[in-house]
Amino acid sequence: RLVARRRVTAILYLQDAWEAEWGGAFRAHSGTVFEVMEKQARGGARLDCVDVLPEAGTLVMFRSKDLAHEVLPTTHHRFAMTMWCLEAART
């Protein structure tokens, strides 16, 4: 699968203006994907995280497999360009 081959993700936000109350932030968690999913399933306390608003010109880059992340719900359209650097296909 293509998703399994992603190594680096880059997201460039393109909309002209963004208000924090519209939601839609990119959330980076401090734990692994499994730790975050386990906490959410059990309704436990949230792990430390950082939220990045989708403001024009903001670039977010991260190692795809190493960073547990999500996009929070939004009330407005978000416009972004996303790029993935992939691991070479095995032949």
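Our subject is the structure listed above.
Presented here is an overview of the structure given in this document. Because the structure is predicted, anything quoted here is derived from the model rather than measured.

## Notes on the sheet that holds strand β2 (residues 26–29)
Picture the strands of a sheet paired through backbone hydrogen bonds; they go either parallel or antiparallel.
Stage number 1. In spatial order, the strands read β3-β2-β5; together these 3 strands make up an open sheet with antiparallel pairing. Of all strands in the sheet, those with a lone pairing partner are β3 (49–52) and β5 (69–71), marking the two edges. Averaged over all adjacent pairs, the angle separating strand axes in this sheet is 20°, with direction ignored.
Stage number 2. Examined bridge by bridge, β2 and β5 share 3 bridges and lie antiparallel to one another. The residue bridging arginine 27 from the neighbouring strand is glutamate 70, located in β5.

## Focus: a nonpolar patch on the surface
Stage number 1. A surface patch of nonpolar side chains, about 330 Å² in accessible area, is lined by Leu14, Phe79 and Met81.
Stage number 2. For phenylalanine 79, the position within the fold is in the loop between β5 and β6 (80–86).

## As for the sheet that holds strand β4 (residues 59–63)
Stage number 1. With respect to topology, 3 strands assemble into an open sheet ordered β4-β1-β6, the strand pairing being antiparallel. One side of each edge strand has no neighbouring strand; the edge strands of this open sheet are β4 and β6. Neighbouring strand axes in the sheet, compared pairwise and without regard to direction, differ in orientation by 15° on average.
Stage number 2. Note that strand β1 (residues 6–13) and β4 share 5 bridges and pair antiparallel. From the neighbouring strand, threonine 9 faces β4, where its bridge partner is phenylalanine 62.

Definitions and cut-offs
Residues numbered from 1 in each chain as written. Predicted model: local features only at pLDDT ≥ 70, side-chain atom pairs only at ≥ 80, totals over all residues. Heavy atoms only, no water. Pairing = 2+ DSSP bridges. Helix = DSSP H or I, 4+ residues; strand = E, 2+ residues; numbered from the N terminus. Axes fitted to C-alpha atoms, helices over the stretch in contact; angles between N-to-C directions. Patch = residues over 30% accessible without salt bridge, like charges linked within 9 Å, V, L, I, M, F, W, Y side chains within 5 Å. Areas by Shrake-Rupley, 256 points an atom, 1.4 Å probe, with all protein chains shown as cover. Salt bridge = Lys/Arg side-chain N within 4 Å of Asp/Glu carboxyl O.

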